[in-house]
Amino acid sequence: MHSEFQYRNINKDNADELKFVAEQDSRIPLQYDPSFPWNEDSITGRLNYFSKEIKDDDFFEVAVLENKVVGFHVVKKVPYAQDIFAGTIITLWTHPEFRGKGIATNLKLRAETWAKSQKLTYLLTNVHVKNPGMFSINKKLGFEVVQYSLRKPL
Ligand SMILES: CC(C)(COP(=O)(O)OP(=O)(O)OC[C@H]1O[C@@H](n2cnc3c(N)ncnc32)[C@H](O)[C@@H]1OP(=O)(O)O)[C@@H](O)C(=O)NCCC(=O)NCCS
């Protein structure tokens, strides 16, 4: 039905587009972590992060429908071990109206193609325990659990 989704690099020169992505991204943790400290500054924080820390040779793509961003995915190159580089997944999001239509899967497959073209050895990701949908997408696409991430509330 929506095979007309298009995938392209984010346009960082388009302030509205970047702000939309930053705002959606800043809100992601709220859906599974009500204690997450979100406020308006969270948007600015993500804007600064995307502008300064995500480089032109990292992966930052959006899915668009009629010029409207309906999904995004960011993967950053990181050193992993001596002479080994990995891509660490920073974020992935699909607009609620368009979920279940393969947008996240397509973005992840495109990132994987990019990672291979960059000769990266691994893709790394973290998934919140209350986000089983994201966990199962990763498993389906070949990600393996290699470590646990723990935190202690203080
Ligand atoms: C997780 C998310 C990115 C999935 O996006 P999507 O475009 O709907 O995913 P897809 O359509 O590619 O679905 C891929 C598969 O996962 C399944 N799936 C998607 N969301 C699911 C959920 N919440 N629970 C269980 N399965 C789910 C789909 O049914 C599909 O299975 P199939 O291949 O057998 O048909 C989207 O729900 C989202 O944006 N969530 C909020 C942000 C988020 O949690 N991001 C990840 C943390 S950074």
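The coordinates are above.
I will try to describe carefully the structure that is included in this document. (Residues numbered from 1 in each chain as written. Predicted model: local features only at pLDDT ≥ 70, side-chain atom pairs only at ≥ 80, totals over all residues. Heavy atoms only, no water.)

Once that is clear, we can look at the side chain of Ser 42. Inspection of the secondary structure assignment puts Ser 42 in helix H2 (residues 40-53). With a relative accessible area of 16%, Ser 42 lands in the buried category. Setting aside residues no more than four positions away along its own chain, Ser 42 makes contact with Ser 26 and Pro 37. (Helix = DSSP H or I, 4+ residues; strand = E, 2+ residues; numbered from the N terminus. Buried < 20%, exposed > 50% of the residue type's maximum accessible area, 1.4 Å probe, protein only. Contact = heavy atoms within 4.5 Å.)

Let us now look at the site of the ligand. In the neighbourhood of the ligand, 17 residues make up the surrounding shell, with Leu 92, Gly 100, Gly 102, Thr 105 and Lys 140 lying closest. In the model, an oxygen atom of the ligand is placed 3.3 Å from a nitrogen or oxygen of the Arg 99 side chain. One of the side-chain N or O atoms of Asn 131 is found 2.8 Å from an oxygen atom in the ligand. Mapped by element, the contributors of at least two residues to the shell around the ligand are strand S4 (84-94), helix H3 (103-117) and helix H4 (132-140). Considering every element that reaches the shell around the ligand, the biggest residue donor is H4, with four residues. For the shell around the ligand, a count of residues per class yields seven nonpolar, seven polar and three charged. (Near = heavy atom within 4 Å. Polar contact = N/O pair within 3.5 Å; in protein donor to acceptor, adjacent residues only side chain to side chain. Nonpolar A, V, L, I, M, F, W, Y, C, P; charged D, E, K, R; others polar.)

We now examine the pattern of salt bridges. Here the structure, examined in full by the defined rule, presents eight salt bridges. Notably, a salt bridge pairs Asp 33 with Arg 151, separated by 3.6 Å at the nearest N-O pair. Residue Asp 33 is found in the loop between helix H1 (15-27) and H2, and its partner Arg 151 is found in the segment after H4; the two are separated by 118 residues along the sequence. In this structure Asp 33 comes out as buried when scored by relative accessible area, which is 10%. Judged by its relative accessible area of 66%, Arg 151 falls in the exposed class. For Lys 77, the salt bridge identified is with Asp 57, shortest N-O distance 3.3 Å. Placement of the pair is Lys 77 in strand S3 (residues 68-81) and Asp 57 in the loop between H2 and strand S2 (59-65), with a sequence separation of 20 residues. (Salt bridge = Lys/Arg side-chain N within 4 Å of Asp/Glu carboxyl O.)

The side chains of a regular strand alternate between the sheet's two faces. As judged from the ten bridges shared by S3 and S4, these two strands associate in the antiparallel manner. Opposite Pro 79, over in S4, you have Phe 85 as the bridge partner. Here S3 folds back onto S4, and the loop between the two strands holds two residues, one of which, Asp 83, carries a positive phi near 65°. Strand direction decides the pairing type here: S4 and strand S5 (residues 122-124), joined by three bridges, are parallel. The partner of Ala 86 across the bridge, within S5, is Tyr 122. Crossover S4 to S5 through H3 is right-handed. (Pairing = 2+ DSSP bridges. Right-handed = clockwise from strand over helix to strand, strands pointing away.)

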